[in-house]
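One letter stands for each residue in the lines below.
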Amino acid sequence: MAAPDTYPRPWRDQTDPPFIRIKSITKRFGDFAAVDDVSLDIWQGELFCLLGGSGCGKSTLLRMLAGFETPTAGVVEIDGQDMSRVPPFARPTNMMFQSYALFPHMSVEKNIAYGLQRDGLGRAEVAGRVAEMLKLVQLDGLAKRKPHQLSGGQRQRVALARSLVKKPKLLLLDEPLGALDKKLREETQFELMTIQDQLGVTFIVVTHDQEEAMTLSTRIGVMDAGRIVQVGEPRDIYERPGSRFVADFIGSVNLFEGEVEAAAPDFMRIRTAEGGILVPPEAGFGSREKVAVAVRPEKIRLSREAVGADNALTAVVEDYAYMGDCTVYKLKLPSGRVVSVTETNGFGAEPFTWDEEVHLGWPAAAGVLVRG
Amino acid sequence: MRLFLPIVAGLGFLFLYVPIASLVIFSFNESKLVTVWGGFSTKWYGELFRDPQIIDAFQISLTIAAISATLAVALGTLAALVLVRFGPFWGRPVLSGMTTAPLVMPEVITGLSLLLLFVSMERLVGWPAGRGMLTIIIAHTVFCMAYVAVVVQSRLVDMDDSLEEAAMDLGARRVRVFFDITLPVIAPALISGWLLAFTLSLDDLVVASFVSGPGSSTLPMVIFSKVRLGVSPDVNALASLIILVVALGIGLAALAMRKRR
């Protein structure tokens, strides 16, 4: 039995009112709709990721929340307050910029203090809060440095400290880890989560990195061409992609195109070039409809002998890539389609090699039916 | 082949510095004849400081240069801000063209057109009354502003827009953002723009000749009129002093730059 889930997920039952309401917001630049009729509810304390490729409108949406862009239509409400007529300097939000935007002529300390001074806080209180913030981001000794004397990781922390010091209701982060190298990025991800947890501030993070979104977020909103195509917890997005685009964008996936052949109460059969593929029943798909079955590479089992599985195919190893913890196989099916399969490199298993014939199998439940 | 580069470099240096060196050397010439060496003397330096015409002209030139450089920085920065930050607006191409026109316009035309403007303005509105320092300052501001605008524009284009947004995001209003963030970030461009304008104004002969009046001869005008009557050695002395000041200025600037780094 799983342990009881005490992690708060207000979006599931929706009894609490959302903290941020985005109501059918649109932003047009000329004829081009950068953000097209997006509605989104975000709850207090969430770490919400807006995920999408470049030009999908995620940054424009973030800038509308910060007040740097005026929506062509639609309303943003933060904590029940309509933000339409509130200029950026008066919003209860702060933003961490992709370029960090540290003021080059000010020391670390002055950068962090800038926002507090604008609020007219006393000298002692400003100094206290700055020191507190420096401690939180572990930059105690660097208060007097100028931004150009810091490493990339340190700059990132200063930017974070500066955007958090005013205790905003909502923190907007534009690709917060984009400029860091891989190892630093992974460390910083967890730090970001810890800090967010400690302060309880609601975060909205824009990223194009799906791994980052998976690790960080309570929920993800996947964006494409100015629209939100799916909103959900990372597991939902990954396991139950709502569309071919999402399945393809998040992680790698094998897509078997075909059409609905038969629908039974406990399974559906899809006719594809590879034969009939069984998937769990899904409402809203009619007979003969063009669909695709999405199967994640790690959900397919490989073996040398034929195994009894809901879906079984044979293939030849065309190529493989040894990644350390796992091996990715490229397998050629008789139909000519190449399928990728990820095998964990456990203990004792003999790896498959080029041109070897292998049996593939996966349970019906591992496949997801998407339109397309 | 190994000597090629040193020789080329040496020739280059000779080409650049021989005229200056000969000028400095001849400023210590005893003889009144500029081209004949008559022994070492510093008398022309003394002569120079006793010549009220040159001292006056020097003061006038410095005053004009300082005032018009300052005005040019103020106006040029505003023009650059408008051109870089305000996006496309009605009349932008005209403004952009007018701002950069003095860069490419022959000085004679700038001078002549300003003279015509001043004359007809005096006739119509009575201001500026006559030609003098004021008209030179206005004229110099006009063409120096173009240079300042170009220098500041390129700095503004390079500036990360998100710096200003970040300041606004942290609670600063637009005016505050300008003085706290924009101005300090573009300050190096303002300084170099000012120095450039100052030098251009100090250097200008043509435009000043058109728009000056009695009693407002600038240093280049005085030097030019002196030389027309035959080169006198005190001009050499003056030129040597100017070179000394410029060299000192460049040295100090280089030191300051190194310290900053």
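Bear in mind that the values here come from a model prediction, so they are computed numbers and not experimental data.

1. What to know about the overall build of chain B
Link 1 in the chain: Helices and strands together make up the secondary structure of chain B, namely eleven helices and zero strands.
Link 2 in the chain: Traced from its N-terminal end to its C-terminal end, chain B shows the element sequence α-α-α-α-α-α-α-α-α-α-α.
Link 3 in the chain: For the C-alpha atoms alone, the extent of chain B along its principal axes is close to 70 × 65 × 35 Å.
Link 4 in the chain: For chain B, buried positions account for 35% of its 261 residues.
Link 5 in the chain: Of all intrachain contacts in chain B linking residues separated by at least 6 positions in sequence, the fraction that spans at least 24 positions is 68%.
Link 6 in the chain: As displayed, chain B offers around 15300 Å² of accessible surface, 73% of which is attributable to carbon and sulfur atoms.
Link 7 in the chain: Averaged over its 18 positive side-chain charges, chain B has a centre that lies 3 Å from the centre of its 16 negative ones.

2. Observations regarding the overall build of chain A
Link 1 in the chain: Per the secondary structure count, chain A includes nine helices and 20 strands.
Link 2 in the chain: With the C-alpha coordinates of chain A rotated into their principal frame, the extents come out at 75 × 45 × 45 Å.
Link 3 in the chain: Classification of the 372 residues of chain A by burial places 48% in the buried group.
Link 4 in the chain: When contacts within chain A are restricted to residue pairs at least 6 apart in sequence, those whose partners lie at least 24 apart make up 66%.
Link 5 in the chain: Distance between charge centroids for chain A: 8 Å, based on 44 positive and 50 negative side chains.

3. Let's talk about the domain arrangement of chain A
All names here are of chain A.
Link 1 in the chain: What the domain assignment reports for chain A is domain 1 (18-244) and domain 2 (252-371).
Link 2 in the chain: The straight-line distance from the C-alpha centre of domain 1 to that of domain 2 is 39 Å.
Link 3 in the chain: The interface of domain 1 with domain 2 comprises eight residues on the first partner and ten residues on the second.
Link 4 in the chain: Carbon and sulfur atoms supply 44% of the area buried between domain 1 and domain 2, which totals about 820 Å² over both sides.
Link 5 in the chain: The largest per-residue losses of area from domain 1 upon contact with domain 2 belong to Tyr238, Arg240 and Arg244, which jointly make up 69% of the total buried on that side.
Link 6 in the chain: At the boundary of domain 1 with domain 2, the tally comes to three salt bridges.
Link 7 in the chain: Here Glu282 and Arg240 are joined by a salt bridge, their closest N and O atoms 3.2 Å apart.
Link 8 in the chain: Where domain 1 meets domain 2, there are five residue pairs in polar contact (both at pLDDT 80 or more).
Link 9 in the chain: Broken down by element, the residue count for the side of domain 1 that touches domain 2 peaks at three residues, all from helix α8 (residues 234-239).
Link 10 in the chain: Tallied by class, residues from the side of domain 1 that touches domain 2 come to three nonpolar, two polar and three charged.

4. Side note on the pattern of salt bridges
All names here are of chain A.
Link 1 in the chain: Following the criterion strictly, the structure yields 38 salt bridges over all chains and no others.
Link 2 in the chain: Glu69 is paired through a salt bridge with Arg63; the nearest N and O atoms lie 3.2 Å apart.
Link 3 in the chain: Taking relative accessible area as the criterion, Glu69 reaches 18% and is therefore assigned buried.
Link 4 in the chain: Put simply, Lys182 and Glu186 hold a salt bridge, and the shortest N to O gap is 3.2 Å. With Lys182 and Glu186 both in helix α6 (residues 182-199) and four residues apart, the pair spans about one turn of that helix.
Link 5 in the chain: Exposure remark for Lys182: the relative accessible area of 52% places this residue in the exposed category.
Link 6 in the chain: Sharing partners across several salt bridges, the network here consists of Glu259, Glu261, Arg269, Arg271, Arg288 and Lys290.

5. Re the packing of aromatic side chains
Link 1 in the chain: Considering all chains together, one arrives at 13 aromatic pairs over all chains under this definition.
Link 2 in the chain: Ring centres of B:Phe13 and B:Tyr17 lie 6.1 Å apart, and the angle between their planes is 20°; this geometry places the pair in the stacked category. Residue B:Phe13 and its partner B:Tyr17 are located together in helix α1 (residues 4-27), separated by four residues, close to a single helical turn.
Link 3 in the chain: According to the relative accessible area criterion, B:Phe13 is exposed, its value standing at 54%.
Link 4 in the chain: Measuring from ring centre to ring centre gives 5.2 Å for B:Phe178 and B:Phe179, while their planes differ by 85°; the resulting arrangement is edge-to-face.
Link 5 in the chain: By relative accessible area, which is 21% here, B:Phe178 ends up partly exposed.
Link 6 in the chain: Members of the aromatic cluster, joined through ring pairs, are A:Tyr320, A:Tyr329, A:Phe352 and A:Trp354.
Link 7 in the chain: Here A:Arg162 stacks its cationic end above the ring of A:Phe103, 4.5 Å away from the centre of that ring.

6. Some words on the sheet that holds strand β13 (residues 275-279) of chain A
Residue and element names in this part refer to chain A.
Link 1 in the chain: Ordered by their spatial adjacency, five strands build an open sheet running β13-β12-β11-β14-β20, and the pairing between neighbours is antiparallel. Of all the strands in the sheet, just β13 and β20 (367-371) have a single pairing partner and so form its edges. Here the strands of the sheet are splayed against their neighbours by 45° on average, with no regard to which way each runs.
Link 2 in the chain: When strand β14 (residues 290-295) meets β20, the two strands line up antiparallel, connected through five bridges. Looking at the pairing, Val295 lines up with Gly367 of β20.

7. Some remarks on the side chain of A:Asp209
Residue and element names in this part refer to chain A.
Link 1 in the chain: In this structure, Asp209 sits in the loop between β8 (202-207) and α7 (210-216).
Link 2 in the chain: Of note is the side chain of Asp209, whose polar atom sits 3.0 Å from the backbone nitrogen of Glu211.
Link 3 in the chain: Ignoring anything within four residues of it in the chain, the contact list for Asp209 reads Leu51 and Arg185.

8. Description of the interface of chain B and chain A
Link 1 in the chain: Across the contact, 17 residues belong to chain B and 20 residues belong to chain A.
Link 2 in the chain: Summed over both partners, the interface of chain B with chain A comes to about 1700 Å²; 62% of that surface belongs to carbon and sulfur atoms.
Link 3 in the chain: Its largest share of buried area at the contact with chain A, chain B owes to B:Glu165, B:Asp169 and B:Leu170, together 39% of the area lost on that side.
Link 4 in the chain: As a salt-bridge pair, A:Arg118 and B:Asp180 come within 3.6 Å of each other at their nearest N and O atoms.
Link 5 in the chain: Elements supplying a minimum of two residues to the side of chain B that touches chain A: α7 (161-169) and α8 (174-203) of chain B.

9. Some points on unusual backbone geometry
Link 1 in the chain: Cis rather than trans, the peptide bond between B:Trp127 and B:Pro128 has omega equal to -5°.
Link 2 in the chain: Along the chain, the position of B:Pro128 falls in the loop between α5 (107-125) and α6 (133-158).
Link 3 in the chain: Unlike most non-glycine residues, A:Gln138 shows phi in positive territory, near 60°.
Link 4 in the chain: With respect to the helices, strands and loops of the structure, A:Gln138 is situated in the loop between α4 (123-136) and α5 (152-164).
Link 5 in the chain: Of note, A:Ala225 is a non-glycine position whose phi angle comes to about 50°, a positive value.
Link 6 in the chain: In this structure, A:Ala225 sits in the loop between β9 (219-224) and β10 (227-232).
Link 7 in the chain: By relative accessible area, which is 56% here, A:Ala225 ends up exposed.

Reading the values: the criteria
- Residues numbered from 1 in each chain as written.
- Chains lettered and ligands numbered in written order.
- Predicted model: local features only at pLDDT ≥ 70, side-chain atom pairs only at ≥ 80, totals over all residues.
- Heavy atoms only, no water.
- Helix = DSSP H or I, 4+ residues; strand = E, 2+ residues; numbered from the N terminus.
- Buried < 20%, exposed > 50% of the residue type's maximum accessible area, 1.4 Å probe, protein only.
- Contact = heavy atoms within 4.5 Å.
- Areas by Shrake-Rupley, 256 points an atom, 1.4 Å probe, with all protein chains shown as cover.
- Lys, Arg positive; Asp, Glu negative; His and termini not counted.
- Charge placed at Lys NZ, Arg CZ, Asp CG, Glu CD.
- Domains from an automatic or database assignment.
- Buried area = accessible area lost by both parts, 1.4 Å probe.
- Salt bridge = Lys/Arg side-chain N within 4 Å of Asp/Glu carboxyl O.
- Polar contact = N/O pair within 3.5 Å; in protein donor to acceptor, adjacent residues only side chain to side chain.
- Nonpolar A, V, L, I, M, F, W, Y, C, P; charged D, E, K, R; others polar.
- Phe/Tyr/Trp six-rings, centres within 6.5 Å; stacked < 30°, edge-to-face > 60°.
- Lys NZ or Arg CZ within 6 Å of the ring centre and 35° of its normal.
- Pairing = 2+ DSSP bridges.
- Axes fitted to C-alpha atoms, helices over the stretch in contact; angles between N-to-C directions.

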